[in-house]
Amino acid sequence: MGLMRYTARRLAQAVPVVMGITLITFLLTDAIPGDPVSIMLGPSPSAQQAAAIRAQFGLDRPLYVRYFNYLLSVLQGDLGQSLYYGVPVTRKIAERLPVTILLLASSFAFAIAAAVPLGIISAKRRNKPTDHVSRVVALVGVSTPSFWIGLMLIIIFAYQVQWFPATSLVLPWAPVSAVDGASSRIDVLVIAAKHLTLPTLSLGTLQMAAITRIERSSMLEVLSAEYVKLARAYGVPETTILRRHAFRNAQLPVITIVGLQLTTAIGGAVLTETVFSISGMGTLILTAIVNQDFQLVMGTTLVLGLVFVVGVVVTDISYAYVDPRVSYGEGE
Amino acid sequence: MATRDADSTRIDVLEGDREGDESGEAAEANVGWRYTLIQVRRDPTALVGLAIIAFMGVIALIATIDAVVFGYLAQYSFFSNLGVEQYWFARTYWVNPAIDPANPTPLLPPVGFENTFGQGTWAHPLGTDARGRDILVRLFYGTRIAMTVAVVSTVLALVGGTIVGSVAGYYGGWTDDVLMRASETIFAIPFLILVIAFMTAFGRDLTFAMVGVGIATIPTFARLIRSRVLSVREEDYVEAARAAGLKDRDIIFRHVVPNSFAPVLVQATLQVGINIIIVAGLSFLGFGAQPPTPSWGQMLASSRGYLLPNPWYSIWPGLAILVTVVGFNLFGDGLRDALDPRISNQ
């Protein structure tokens with residue numbers, strides 16, 4: 001019950017932030033030089049035509065009226081019409097968002113699966129060779145641009161040894177008939193996994209490194225806590241301490257970092273999608289910006305902001321789930 | 001919203017508890033700084049980081065003299081008669097980083113390697129790019145861009161964040177609410193996308209890259225400062241200053257901010273590293289230094305077309321970014337360990 005109310009309260013708190021995102025994207029988009037008139041009618045439109053188009057898009061109204069209208073249509077689930085693609089923005093986003101979510105999900109899955117054991121081993125074997133290696137890996141990981149990792153992976157794994165493909169991502173939900181060399185759903189999944197490997201490594205390395213570092217220091221902190229010392233004094237075996245006493249408490253800062261890494265990862269997705277020529281949200285937003293497709297810019301930014309907000313709310317809820325000390329806010 | 005709780009935890013991790021480490025009095029704060037310096041000097045990894053930063057700084061300085069100072073001096077006949085010209089240094093040793101050389105030998109590998117285009121020579125130790133320009137020289141000039149943009153944007157964020165965070169933390173109430181909600185909103189828009197949208201709206205060149213990245217990182221510093229101010233605000237000496245009738249502005253900037261600065265300095269060092277990567281990413285996408293001005297991200301972008309014939313081309317700029325950012329991370333970590341012995345990684 002408490003958790004449900006907590007969730008509802010968190011979501012309610014996210015509303016002003018989402019409002020703020022719409023305001024910022026609206027103002028930024030408004031500041032982009034040029035308007036739909038010049039894009040639709042070419043360099044020298046007649047005054048009459050221009051006025052007609054302006055009226056059609058409501059551009060002759062004052063800024064706050066336009067913002068209000070925009071908010072109203074967003075609330076109705078209408079993000080406008082993409083000028084470049086000539087289809088509703090929502091349709092374009094519905095097409096691209098799953099690809100980016102897939103990429104983000106596989107990167108975080110890789111990052112967490114690699115980082116948690118690495119951080120724990122590092123903390124357990126503090127200042128031993130294993131620890132040094134894992135710390136160097138983590139340091140290099142947080143210091144390397146994801147798109148460069150992508151380029152290096154392409155050079156090594158796509159061109160030199162040719163284990164994994166570098167372009168034309170195959171989606172796991174693609175129809176079997178549309179995938180070359182696939183005769184069943186399993187084939188499609190295998191091919192999709194192969195295609196996803198390099199982008200995942202490219203985007204996930206930074207997350208992996210950041211999580212490893214925080215996992216290690218958090219684990220070290222917990223392992224030097226009084227209650228762990230007490231457990232040791234009672235003769236509880238070290239592995240039991242790690243597994244039963246330390247692990248859960250050490251995960252709290254880790255969960256926080258995972259949530260905060262989401263915004264970096266979304267930015268990284270733009271670069272990763274560019275490097276691997278993936279048609280996701282990142283490349284969509286770049287296309288929108290380059291072609292001055294205003295509605296598409298606003299729509300994509302808003303949706304990616306929403307993805308982040310939802311991600312953080314989910315993080316917070318899992319935080320509350322792991323840490324019983326987090327009050328569900330009744331007393332706050 | 002959600003991020004606040006999350007953030008306070010991060011700050012806990014970052015700062016730990018440092019009570020007594022440096023208390024409010026100016027004299028003791030001095031001792032704190034001296035102690036920090038001694039700690040950093042004893043920490044070999046921090047020193048390695050500092051050495052890397054210094055090395056990159058020197059390269060950036062030489063490149064700046066070469067491109068900007070020599071370019072300026074060459075306008076005067078006195079200096080041009082002496083042979084001074086823009087890119088004087090680079091032109092004497094290798095080739096002009098900005099303009100195509102007369103005899104381009106494109107896509108040469110580094111010294112000691114061979115590819116279909118020819119053999120690497122000492123004339124171009126790291127090889128050449130698709131237009132036959134020397135990669136090492138272009139890397140040098142890229143350092144200038146990377147360091148300048150990353151440091152300036154961090155300073156902008158630091159100043160902006162200090163003002164926002166200290167005002168929010170000191171006054172509390174609705175001022176705090178408004179400023180922190182605004183910070184959260186900026187924070188919620190994916191960083192890179194925010195900066196790209198900003199640059200599309202106002203301009204694609206380096207100035208707007210600095211301002212955009214700076215504004216986008218204000219929330220990071222604002223929240224850090226705010227959390228420090230919230231605890232410092234309750235200290236006795238701030239109470240005393242208030243009782244003595246000092247103005248709010250003086251209390252904030254003379255007493256509260258200086259005593260909240262240590263964790264911010266750590267964050268700033270790490271942020272320079274992060275910004276180097278972000279600025280490279282922006283240039284990679286075409287937002288930032290415009291050709292022919294060499295920047296690391298832009299070099300990587302143009303190397304994408306030659307991954308197969310000359311992979312070396314794309315290796316160097318990435319390595320340059322990696323080494324520089326490692327430098328800032330090592331130094332930042334060392335600084336943090338020195339400021340907070342409790343969470344020392346040693």
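The structure displayed is predicted, hence computed values, not measured ones.

So, about the overall build of chain A. When helices and strands are counted, chain A shows 12 helices and 0 strands. Overall, chain A shows an N-to-C arrangement of helices and strands of α-α-α-α-α-α-α-α-α-α-α-α. Seen through its C-alpha atoms, chain A measures out along the principal axes to roughly 85 × 60 × 35 Å. The burial tally for chain A puts 50% of its 332 residues in the buried class. A separation of at least 24 residues holds for 73% of the contacts in chain A among residues at least 6 apart in sequence. Accessible surface, chain A as shown: approximately 15500 Å² in total, 64% of it carbon and sulfur. Here chain A contributes 24 positive and 18 negative side-chain charges, whose respective centroids are spaced 9 Å apart.

Listed as interface residues are 54 residues of chain B and, on the opposing side, 57 residues of chain A. Between chain B and chain A, a total of about 4800 Å² is buried, with carbon and sulfur atoms accounting for 76% of that surface. The tally of links from chain B across to chain A stands at 1 salt bridge. The salt bridge partner of Asp-333 of chain B is Arg-213 of chain A, with a shortest N-O separation of 2.4 Å. At the boundary of chain B and chain A, one finds 6 residue pairs in polar contact (both at pLDDT 80 or more).

Moving on, we get to the pattern of salt bridges. Considering all chains together, one arrives at 11 salt bridges over all chains under this definition. The residue Arg-232 of chain A makes a salt bridge to Glu-238 of chain A at a minimum N-O spacing of 3.0 Å. Taking relative accessible area as the criterion, Arg-232 of chain A reaches 34% and is therefore assigned partly exposed. The salt bridge involving Glu-239 of chain B is made with Arg-242 of chain B; its shortest N-O contact spans 3.7 Å.

The interhelical angle for the contact between helix 7 (residues 146-160) of chain A and helix 14 (residues 312-339) of chain B, taken along N-to-C directions, is 140°, at an axis separation of 10 Å. Two packed elements cross with a definite hand, and for helix 7 of chain A against helix 14 of chain B that hand is left-handed. Listed contacts from helix 14 of chain B to Trp-148, Leu-151, Met-152 and Ile-155 of chain A of helix 7 of chain A are Ser-314, Ile-315, Gly-318, Leu-319 and Leu-322 of chain B. By residue class, the composition of the contact of helix 7 of chain A with helix 14 of chain B is 7 nonpolar, 2 polar and no charged.

So, how was this worked out
Residues numbered from 1 in each chain as written. Chains lettered and ligands numbered in written order. Predicted model: local features only at pLDDT ≥ 70, side-chain atom pairs only at ≥ 80, totals over all residues. Heavy atoms only, no water. Helix = DSSP H or I, 4+ residues; strand = E, 2+ residues; numbered from the N terminus. Buried < 20%, exposed > 50% of the residue type's maximum accessible area, 1.4 Å probe, protein only. Contact = heavy atoms within 4.5 Å. Areas by Shrake-Rupley, 256 points an atom, 1.4 Å probe, with all protein chains shown as cover. Lys, Arg positive; Asp, Glu negative; His and termini not counted. Charge placed at Lys NZ, Arg CZ, Asp CG, Glu CD. Buried area = accessible area lost by both parts, 1.4 Å probe. Salt bridge = Lys/Arg side-chain N within 4 Å of Asp/Glu carboxyl O. Polar contact = N/O pair within 3.5 Å; in protein donor to acceptor, adjacent residues only side chain to side chain. Axes fitted to C-alpha atoms, helices over the stretch in contact; angles between N-to-C directions. Left-handed = near helix turned anticlockwise from the far one by under 90°. Nonpolar A, V, L, I, M, F, W, Y, C, P; charged D, E, K, R; others polar.

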